[in-house]
Amino acid sequence: MLLLLMSFLAACSPVAVLNALAPRTTVTEAVAFDEHSTLAADVYAPAQACAGAPVVLFFYGGGWEAGERAMYRFLGAALAAKGVVVIIPDYRLWPEARFPAFMEDAAAALRWTKAHAAEYGGDPGRLFLMGHSAGAQIATLLALDLRYQRAAGVAPGAVSGVIGISGPYDFLPLTSPTLRAIFGPEDAWPESQPIRFVTPAAPPMMLATGTGDTTVDPANTTRMAARLREAGVPVTEHYYEGVGHSTTAGAFAGALTFLAPVRRDALDFIAAQSSTACVRAAE
């Protein structure tokens, strides 16, 4: 099986292969979630309905300048196959937009998810934010800097937990010209740092990264977890030995779970925080 997969990966796009191998699930594509823009989301629902199914709002990575929701069918389908309703929205990217525009888009997606998750079999009272790479920065900042939720009309306590995967949470100073352009003048940079907004009221978090990550320093995870613990916030850390940056997302796919148990760890966290039997254990 591994040799066959490797031959597929060599012949075409790895993401296309993972999406082609994704489990069958109910997918509703291109659902508009913000009446003020053309942004849309894809919704992955479990094949079998379960009262109290948790909901994951997933933000993809790409350095705040690349990525699209369709690339992550493998992730949405993998979690839906285990009893989770997954919503993957697009958000505006550089150079079309800069910080905090993509945070405003994320907040709009959260508002829509809270209002409509039940239509797809999800329990809006069991709502989790999750992101990989730049998406993890978006997910954690959305959970911690409550100004975005308030501006979008989301009531306090909307988020049951946060899963950050290979995320930048404490990444100053900015040296890349592109990042300097994305995040604006230097005196505004602290507003983009999730670690700055940790309080005792933060939701429980799971933070995971690979020790072989050369794109986002794994020390981001270590520092963020330490700050959460200092504030008395429950936090679980996972460090996958030798695993690189993209692999922590790719390992959600059924064919690649042997690379890192990130899907299992995420499902265990969701099940523990949501107290529901809807979530089925991952292999």
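Here is what the cut-offs are and how they apply
- Residues numbered from 1 in each chain as written.
- Predicted model: local features only at pLDDT ≥ 70, side-chain atom pairs only at ≥ 80, totals over all residues.
- Heavy atoms only, no water.
- Helix = DSSP H or I, 4+ residues; strand = E, 2+ residues; numbered from the N terminus.
- Contact = heavy atoms within 4.5 Å.
- Disulfide = S-S within 2.5 Å.
- Buried < 20%, exposed > 50% of the residue type's maximum accessible area, 1.4 Å probe, protein only.
- Salt bridge = Lys/Arg side-chain N within 4 Å of Asp/Glu carboxyl O.

Caption draft 1: Region of the structure containing the side chain of Thr221. Summarising the element assignment, Thr221 is placed in helix 8 (residues 219-230). With sequence-adjacent residues up to four places away left out, Thr221 is seen in contact with Tyr169, Leu207, Ala208, Thr209, Glu237 and Tyr239.

Caption draft 2: Representation of the state of the cysteines within the structure. Applying the stated criterion across every chain yields a total of 1 disulfide. Here Cys50 is linked by a disulfide to Cys278, with a sulfur-sulfur distance of 2.0 Å. Taking the torsion about the sulfur-sulfur bond, which here is approximately -85 degrees, the covalent link between Cys50 and Cys278 counts as left-handed. With Cys50 in the loop between strand 2 (40-45) and strand 3 (53-59) and Cys278 in the segment after helix 10 (262-274), this residue pair connects regions lying 228 residues apart in the sequence.

Caption draft 3: Region of the structure containing the environment of Ala266. Along the chain, the position of Ala266 falls in helix 10. For Ala266, a relative accessible area of 0% translates into the label buried. Put simply, Ala266 and Ala188 are 78 residues apart on the chain and 32 Å apart in space, counted from C-alpha to C-alpha. Excluding its chain neighbours within four sequence positions, the residues that come into contact with Ala266 are Ile163, Met206 and Phe252.

Caption draft 4: Spatial organisation of the pattern of salt bridges. Evaluated as defined, the whole model comprises 13 salt bridges. For Arg126, the salt bridge goes to Asp123, with nearest N and O atoms at 2.7 Å. Between Arg147 and Asp145 there is a salt bridge, with the nearest N and O atoms lying 2.7 Å from each other. Among the residues examined, Asp145 registers a relative accessible area of 3% and is labelled buried. Put simply, Asp145, Arg147, Glu191 and Arg196 are held in one network by salt bridges that share partners.

Caption draft 5: Unusual backbone geometry, seen in detail. Backbone torsion omega between Phe99 and Pro100 reads 10 degrees, so that peptide bond is classified as cis. For Pro100, the location among the structural elements is in the loop between strand 4 (85-89) and helix 4 (101-116). Here Leu172 and Pro173 are connected by a cis peptide whose omega angle stands at 0 degrees. Among the secondary structure elements, Pro173 is positioned in the loop between strand 6 (161-165) and helix 7 (177-183). Notably, Ala30 is not glycine yet its phi reads approximately 55 degrees, a positive angle. By secondary structure assignment, the location of Ala30 is in strand 1 (residues 26-32). Located in the positive-phi region is Ser275, a residue other than glycine, with phi close to 50 degrees. Residue classification places Ser275 among the exposed positions, given a relative accessible area of 62%.

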